[in-house]
Structure formats: structure tokens, C-alpha cells
Amino acid sequence: MNHIKLDLSAVEQFLNQDAVKSLQAQSVVARRSLEDGTCAGNDFLGWLHLPSSITPEILADLQSTADILRQECDTVVVAGIGGSYLGARAVIEALNDSFSWLRKEHNGPTVLFAGNNISEDYLAELTDLLKDQRFGVINISKSGTTTETALAFRLLKKQCEEQRGKEEARRVIVAITDAKRGAARITADKEGYKSFVIPDNVGGRFSVLTPVGLLPIAVAGFDIAALIQGAQEMERATAADIPYEDNLAMRYATTRNALYLAGKKIEIMANFQPKLHYIAEWWKQLYGESEGKQGKGIFPASVDLTTDLHSMGQWIQDGERTIFETVLSIEQPEKTLLFPHDEENLDGLNFLEGRRVDQVNKMAEFGTRLAHIDGGVPNIRIILPRLDAFTLGELIYFFEIGCGISGLLLGVNPFDQPGVEAYKKNMFALLGKPGYEADGEALRKRIQA
Ligand code: PA5
């Protein structure tokens, strides 16, 4: 079995080796403190051993629920935001055929996402699309009170009941929420929906390997057992007793913190495979929400290449030298396509005739990497043997454990997100939500000014 590899060869030249050595030692301590539960945020470490603790019974329950939705729905809408949708979307888009929903032979329901914005157009177009469709809903909210998700769920529940009748709707609405608290739990219990629990000690952005991610992924038809096996493999490979030199997570966390200390304040996640777009979105939340606090933190950004070389390429090559790049590099594509011959050869590309398109893409990747390194951009390369469920399981756990260690090296609590509340308070005050009216007037004046 091939595993994820980490190539740090294009980073060393940018780093002070004394700083790296000191951070190496700290990363071993940080990893140990996660294991012992002595670190900051230690009431949110439920994700640490999720892969090795998930039982065949839980997987079977998730799969049989997914099978019901697959049989009884043409479309399943996942309502959730942030950690309650990004992981599922990332895995589904990475594994899906790029045009799956347009294919006639499409097998199983189309999985759509809602509850991650408050756009009237988006919701009106979605509800219009779902008219006369046999659709189901997975309502995901740990708190059960998130406005975006609650609004989408209100609309979808009503429409599902109107179209299918209350009894049948009950079979195709599933809740994933807190065991006891919140509107989503109360509704699920009252209506008799099938439900799954988000453990108290697992924060949203670390919840992809709970039912939050696993149920939508299974509904989309992907192998959740293989995903978990990959995560288990990475759990073993990044354990506290695995030495630094062999421990991918410690090395990644150390390297990015050493780069941060060297003035590289922005990490750009780059891919050469558009299916990885949402992996980067998930990663941005994981690292951004975990580290961006107390006036500190690497800013996580992302680009899809080669697409964005034609928009962001100039900045990366030549802009302020405060960035480093982390490339997600896939060794083996799933499909085969050869560069075609053209009689006229007006574009001058016949020299590529008969070569794999992936070979061209790889040379674009290597060429870009070298150009950026020459331009003063340190480069981390994460090599994925292929894009399958097992490898994605490895990748997810690698980023999670790397994030825990990295946040601790930075000196923050990686498992809270106090800053996320600020916009909610203002929005509720402006909307006149009971209990929030006091600040409303002052905020309205500031908007008008
Ligand atoms: O990581 C987090 O905690 C957040 O992104 C939440 O997942 C997000 O705000 C959604 O919250 P909830 O699941 O309570 O609706």
C-alpha cells in the first residue's frame, strides 16, 4: 500500500536551522500533550482517536441509513455550514466524476449543499429545482441554532413534507446534531427522524470522520470504511511515540511554524487537480479557525492550478515575499487521456502528441514549483499516491493532527473559535432578535454613516 509522503526539500534553504531544531523539540512535546490531554483546549480532543475507535456497528448504521436515502431520493440536500459541511463536500467532490450530475447513467442521488449561505437567490433557485423531485435532507448542526442552516432546514422540511407527505418525509430526513441540546435535536426527537450524534468533545472543523462527514459521503456512494482505514493508518503513523523524522504531522507543523517565524505569514495550498478545490476549502477552515487568534496565525489561502496561474500566478511569482506554498501533488490519475494529433498544428503542440495529459500537467506542476522556489517562495509538497477514499482518509487525519500540533506551537488554543461569534451578535442586533436589541440602534447608525 502506498501512503502519503511529505517533501520538504525546497524549504530548508529559507529557514534558520536553530529555529527549526527548537520547534522540532516543541512539536514532540505538543504531540505528547495532545495524547496526554494536557494541552490548551483539552476538552475538545475527541477527534484524536476517532479513526481507531469507530466500530463496525456505527459504520453499518451509517451505511444502512445512506442506503435508504440512496433508494428513496433522487437528490439529497445536506444542510450545514463550516465544519458541518466542508469535510463532506471536500471528499465527495474529490472522489466524484467531475460531471456526475449531468451523466445519464448517474448511479444514486445527487448530493447538494445548502445552509451555508443566506442568499435568497440560492435558496429560491434550490427550492425551485427541488419541485416535484424525490428529495431528502441531512440536517447537520452541532449547536442546532446556526441561522444559515436553520433557515435552509425550515424551507426544506416544509417542502419535503408538502411534496412527500409527513410520514414519508420522516423516512428521508436525517439529523446529525448534539445528543441532547438545540433545536435540531428537539425537532429530530419530536418528528421521529433517524439521528446521529456529534460528540461533545469534537469541534465542527474536526468532525469530518464522525457522521457529519461520513453519512453524506456514504450517500454519495463512496467507501466510508476505506476512508476510515486511511485515517487509522495515519493515526498510527503520527502517534506520539513515532519519532520526529518519521512523523509527518510533526514535520509539517514544525516547518510551517518555522516559516511563519521567518516572516512567511501566508500559506497557499495549491492543487493541480480541480477536484481538490474543496479539500483546500476544508483545510482553510481547519487551519484558519484553529490558528487565527490573539493577533497571530498563518493566513491559509488556496489556488487551483494551472487555472489560477493565469490570475494569481503573477502575485505568487513576484509579489510580497511573505508567502509559502503547499502543493497537493497526485502521483497517479484515475483516468487515461492522450494528447491528440492535429493535422494543421497551428498551436505548435504536435510535439506532445501521444503523451498522457497528466504528463503535461506534471511538467506544469514541476515547472511552476521550480519557478516559485526561484522567486523566493518556500515549497512544501504533499504527495498523494492517488485520489481514492483511503488516501483521503490519510490526508484528513494528517491535516487534523498537524493542525493540533501547529496551533500549540503557535501558542494558541487550536480548538476554540471565539471570533466567530462577533458577526452573529451584530447580525442579530441589526435584525432585532430578542435579547440582542440593545446594540441595534448604534449599529444601524454606523451602517448609515
Ligand atoms: O468549526 C466550527 O465549529 C464551525 O465551523 C461550525 O461547524 C459551524 O459554525 C457550524 O456550527 P453548527 O454545527 O453548530 O451549526
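A short tour of the structure in this document, coming up.

Procedures and definitions
- Residues numbered from 1 in each chain as written.
- Predicted model: local features only at pLDDT ≥ 70, side-chain atom pairs only at ≥ 80, totals over all residues.
- Heavy atoms only, no water.
- Near = heavy atom within 4 Å.
- Polar contact = N/O pair within 3.5 Å; in protein donor to acceptor, adjacent residues only side chain to side chain.
- Areas by Shrake-Rupley, 256 points an atom, 1.4 Å probe, with all protein chains shown as cover.
- Nonpolar A, V, L, I, M, F, W, Y, C, P; charged D, E, K, R; others polar.
- Axes fitted to C-alpha atoms, helices over the stretch in contact; angles between N-to-C directions.
- Helix = DSSP H or I, 4+ residues; strand = E, 2+ residues; numbered from the N terminus.
- Parallel < 35°, antiparallel > 145°, perpendicular 65-115°, else oblique.
- Left-handed = near helix turned anticlockwise from the far one by under 90°.
- Contact = heavy atoms within 4.5 Å.

The full set close to the ligand counts 13 residues, and S84, S141, S143, T146 and Q285 are the nearest of them. Within the contact set of the ligand, an oxygen atom lies 3.0 Å away from a backbone nitrogen or oxygen of R205. Isolated, the ligand exposes 380 Å² of accessible area, and the fraction of that covered by the protein chains is 88%. Here the residues of the shell around the ligand sort into 1 nonpolar, 9 polar and 3 charged.

Let us now look at the packing of helix α12 (residues 277-291) against helix α15 (residues 389-410). The geometry of α12 relative to α15 is characterised by a closest axis approach of 9 Å and an angle of 20° between their N-to-C directions. Judged by the angle between their axes, α12 and α15 are roughly parallel. Seen along the crossing, α12 lies across α15 with a hand that is right-handed. In this structure, α12 contributes I279, W282, W283, L286, Y287, S290 and E291 to the contact, and α15 contributes L392, L395, I396, F399, E400, G402, C403, S406, G407 and L410. Of the residues contributing to the contact of α12 with α15, the split by class is 11 nonpolar, 4 polar and 2 charged.

Here we come to the packing of helix α9 (residues 211-219) against helix α10 (residues 224-237). When two helices pack together, you describe them by how their axes are tilted relative to each other and by the distance separating the axes. One way to put it is that α9 packs onto α10 with a least axis distance of 9 Å and a crossing angle of 140°. Regarding the angle of α9 to α10, the classification is oblique. Where α9 approaches α10, its residues L214, I217 and A218 are matched on the opposing element by I224, L227 and I228. The class makeup of the residues in the contact of α9 with α10 is 6 nonpolar, no polar and no charged.

So, on to unusual backbone geometry. With omega at 10°, the peptide bond leading from L305 into T306 counts as cis. Relative to the helices and strands, T306 is located in the loop between β8 (299-304) and α13 (313-318). The phi dihedral of N345 is positive, around 50°, even though this residue is not glycine.

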